[in-house]
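For reference, the chains in residue letters:
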Amino acid sequence: MSDKIKVIITNDQKEVKIPTGVRMLIRRCCNAVLVNENFEGSAEISVRFVDDEIIHELNREYRHVDRSTDVLSFPLGENGVYDINHDTGAKILGDIVISMQHAVMQADLYGHSLQREIAFLTVHSMLHLLGYDHEAEGLERVRMREKEEAVLTQLGLKRNDSYYSEDN
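In this text, all values refer to a predicted model and were calculated from it rather than measured experimentally. For every chain, the first residue of the written sequence is number 1, and numbering continues from 1 along that sequence. Local features in this predicted model are restricted to residues whose pLDDT is 70 or higher, and side-chain atom pairs enter the listing and the counts only when it is 80 or higher, whereas totals over whole chains, interfaces and linings include all residues. Side-chain calculation: all heavy atoms of the structure are included, whereas hydrogens and water are not.

Quick word on the pairing of strand β2 (residues 43-50)
Point 1. Along β2, six of the eight residues are buried, which leaves the element largely enclosed by surrounding structure.
Point 2. Sheet topology note: the strand β1 (residues 5-11)/β2 ladder contains seven bridges and is parallel. Bridging from a neighbouring strand, I8 pairs with S46 of β2.
Point 3. Note on handedness: a clockwise path from strand one over the helix to strand two, with the strands aimed away from the viewer, defines a right-handed crossover. Only DSSP runs of H or I with at least four residues qualify as helices, and only runs of E with at least two residues qualify as strands; both kinds are numbered from the N terminus onward. Since β1 and β2 lie parallel, the crossover through helix α1 (residues 22-36) that links them has a hand, and here it is left-handed.
Point 4. Note on pairing: two strands pair once DSSP finds at least 2 bridges between them. As judged from the eight bridges shared by β2 and strand β5 (residues 91-99), these two strands associate in the parallel manner. Residue pairing across strands places I45 opposite G94, the latter belonging to β5. Buried, partly exposed and exposed residues are distinguished by accessible area as a fraction of the type maximum, computed with a 1.4 Å probe on protein chains only: under 20%, between the cut-offs, and over 50%, respectively.

A word on the environment of R28
Point 1. You can see R28 is positioned in helix α1.
Point 2. In this structure R28 comes out as partly exposed when scored by relative accessible area, which is 37%.
Point 3. Measuring from C-alpha to C-alpha, the distance between R28 and V7 comes to 9.8 Å, with 21 residues separating the pair along the chain.

Now the structure itself:
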């Protein structure tokens, strides 16, 4: 892929140690979604690790839901139209905010690695940044889940497969 994908990752929490290789995994997830969706041009995405307290505040402020959650997506585009970073020409897709405490809890709950959970949350959010929505039940939700699984399978993170990172 000749187009440049810039993923800016920040860690704004101290509760959970970020496993080695997770930043590269997130970049691979973002890339894979854009390739699968035939995204044209360069893109910029921001991914932020936070704790439950911060995501709770964001959820309350932006979605009027008074509880913590696993991940929030803040798309900056609408109907395929995105803000452009005038220095790079890249389309600014938006922000992904992941609660690391939630990710650990869900990885335990579903019996898979923290890496797979973070990958799932990243892929899920990337689809939101590209305009997919699962709030409405039905076909859109099913299509989104199929796309998520397709990307995770491509990355070797199929559902219920045990996945161990070499660098743990």
